[in-house]
Amino acid sequence: MNQFRKIDSQLKAIAKEIGATLETTEGGHSINAVEVPKDKLAIRQIQWVDGPIGKAIIINQNFENGNFDLPNWDFFNIAWLQEGKTPAKGRPFWKKNLLTNIEFKKIETNIDQLLKQSLDNLKSIKKTDLKCR
């Protein structure tokens, strides 16, 4: 299952352009105490650090529909005060959902616009925009 085959080239190009890494984590996770089969979980995350702020563009599955074989998807941006590699609870944080609980096709169709909007969102983030959860 490679849901991302039609958009991976755009994701890789944006990551390279901004000096970021593209993470392609797959498999092994529990959602609402239900083990998701390793071959059913996929994510794409473009992550980088801009001064004191970590930033990421994330596409991941949303299993609210209860269907591990055909989950819906979320596309969102996050930023956090960089103190380690990943955002942690209590650390100043910001999140903006661009698409929530939608079919993957909508991401494929709008990927260029979503990436542009994400870069615009994240470019303008300042430390004062980050709030503790």
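Anything mentioned here points back to the structure above.
Notes on the structure in this doc start here. (Residues numbered from 1 in each chain as written. Predicted model: local features only at pLDDT ≥ 70, side-chain atom pairs only at ≥ 80, totals over all residues. Heavy atoms only, no water.)

## Some details on helix α2 (residues 104-123)
N110 marks where α2 bends most, by close to 75°. Within α2 the residues assigned to the buried category are F104, I107, E108, I111, L114, L115, S118, L119, N121 and L122. Lining the buried residues of α2 we find α1 (8-18), β4 (43-50), β5 (53-62), β6 (72-81) and β7 (93-102). (Bend = angle between axes of the 7 residues up to and from the residue. Helix = DSSP H or I, 4+ residues; strand = E, 2+ residues; numbered from the N terminus. Buried < 20%, exposed > 50% of the residue type's maximum accessible area, 1.4 Å probe, protein only. Contact = heavy atoms within 4.5 Å.)

## Side note on the sheet that holds β5
Strand order across the open sheet formed by five strands is β1-β4-β5-β6-β7, with antiparallel pairing between neighbours. The two strands at the open ends of the sheet, each matched to only one other strand, are β1 (21-23) and β7. When the angles between neighbouring strand axes are averaged without regard to direction, this sheet yields 15°. Bridge count for β4 against β5 is eight bridges, and the pairing is antiparallel. Bridge assignment links Q47 to a residue of β5, and that residue is A56. Along the sheet face, α1 touches β1, β4 and β5 and points at about 10° away from the line of β4. Each of β4, β5, β6 and β7 touches α2; the most contacted strand, β7, lies at about 165° to it. (Pairing = 2+ DSSP bridges. Axes fitted to C-alpha atoms, helices over the stretch in contact; angles between N-to-C directions.)

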